[in-house]
Amino acid sequence: MPAYIKSVTFDSVDALVLARFWAAALGTDVAEESTSDKAFVEAAGWGGPNIWFARVPEGNEFCVE
């Protein structure tokens, strides 16, 4: 039986910023209820996984400010 990935979640410093970027890149929209703490991007078309972004408390040593 094949397996399907329906949802993927990424840690982030600002969930809404990442969601907006990926929504634009994938040609879809950010869910209206999204915030900088948690954001959701529904896959464009059929078959792709939905993407969640969640703010995490730890810092990111690779983040350039």
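Residue positions are given per chain, counting from 1 as you read along its sequence in written order. Under the rules for a predicted model, residues below a pLDDT of 70 receive no local features and side-chain atom pairs below 80 are neither given nor counted, while totals for whole chains, interfaces and linings still include all residues. In computing side-chain properties, one takes all heavy atoms of the structure into account and sets aside hydrogens as well as water.

**Student:** What exactly am I supposed to notice about the packing of aromatic side chains here?
**Tutor:** In this description, a pair of aromatic rings is defined by centroid distance and the angle of the planes. Here a Phe, Tyr or Trp ring, Trp counted by its six-membered ring, pairs with any other such ring whose centre lies within 6.5 Å, and the pair is stacked when the planes are under 30 degrees apart, edge-to-face when over 60, and tilted otherwise. Applying the stated criterion across every chain yields a total of three aromatic pairs. Each ring, one from F10 and one from F53, has its centre 5.9 Å from the other, and the planes form 25°; the classification is stacked. Of this pair, F10 sits in strand β1 (residues 7-12) while F53 sits in strand β3 (residues 50-55), placing them 43 residues apart in sequence. Take F10: its relative accessible area is 40%, and that puts it in the partly exposed class. Here the aromatic rings of F40 and W52 are separated by 4.6 Å at their centres, their planes lie at 45°, and the arrangement is tilted. Highlighted residues: F40 in strand β2 (residues 38-41) and W52 in strand β3, separated in sequence by 12 residues. We classify W52 as partly exposed; its relative accessible area is 36%. Secondary structure is summarised from DSSP: a helix means a run of H or I of at least four residues, a strand means a run of E of at least two, and numbering begins at the N terminus for each. Each residue is placed in one exposure class: buried if its accessible area under a 1.4 Å probe, protein chains only, is under 20% of its type's maximum, exposed if it is over 50%, and partly exposed if it falls in between.

**Student:** I keep staring at a nonpolar patch on the surface and nothing clicks. Help me out?
**Tutor:** Residues F21, W22 and L26 make up a contiguous nonpolar surface patch of about 310 Å² in total accessible area. Here W22 is to be found in helix α1 (residues 15-26). To count toward a patch, a residue needs a relative accessible area above 30% and no salt bridge. Like charges then connect within 9 Å, nonpolar side chains (Val, Leu, Ile, Met, Phe, Trp, Tyr) within 5 Å. Accessibility throughout is a Shrake-Rupley quantity obtained with a 1.4 Å probe, and a residue counts as covered only by protein chains that appear here. Salt bridges are defined by distance alone: a side-chain nitrogen of Lys or Arg within 4 Å of a carboxyl oxygen of Asp or Glu.

**Student:** In this structure, what is going on with the sheet that holds β2? I would like to understand it.
**Tutor:** Picture the strands of a sheet paired through backbone hydrogen bonds; they go either parallel or antiparallel. Any two strands between which DSSP finds at least two bridges are classified as paired. The strand order β1-β3-β2 describes an open sheet built from three strands, whose pairing is mixed. Because the sheet does not close on itself, it has two edges, and the strands there are β1 and β2. Each neighbouring strand pair of the sheet contributes to a mean axis angle of 20°, computed without reference to strand direction. The pairing of β2 with β3 spans four bridges and is antiparallel. Paired with K38 across the bridge in β3 is A54. Here a residue-residue contact requires only that any non-hydrogen atoms of the pair lie within 4.5 Å. Axes, fitted as lines to C-alpha atoms, cover a helix only where it is in contact. Angles between the N-to-C directions of the axes lie from 0 to 180 degrees. Sheet strands in contact with α1 are β1, β2 and β3, and its direction is about 160° off that of β3.

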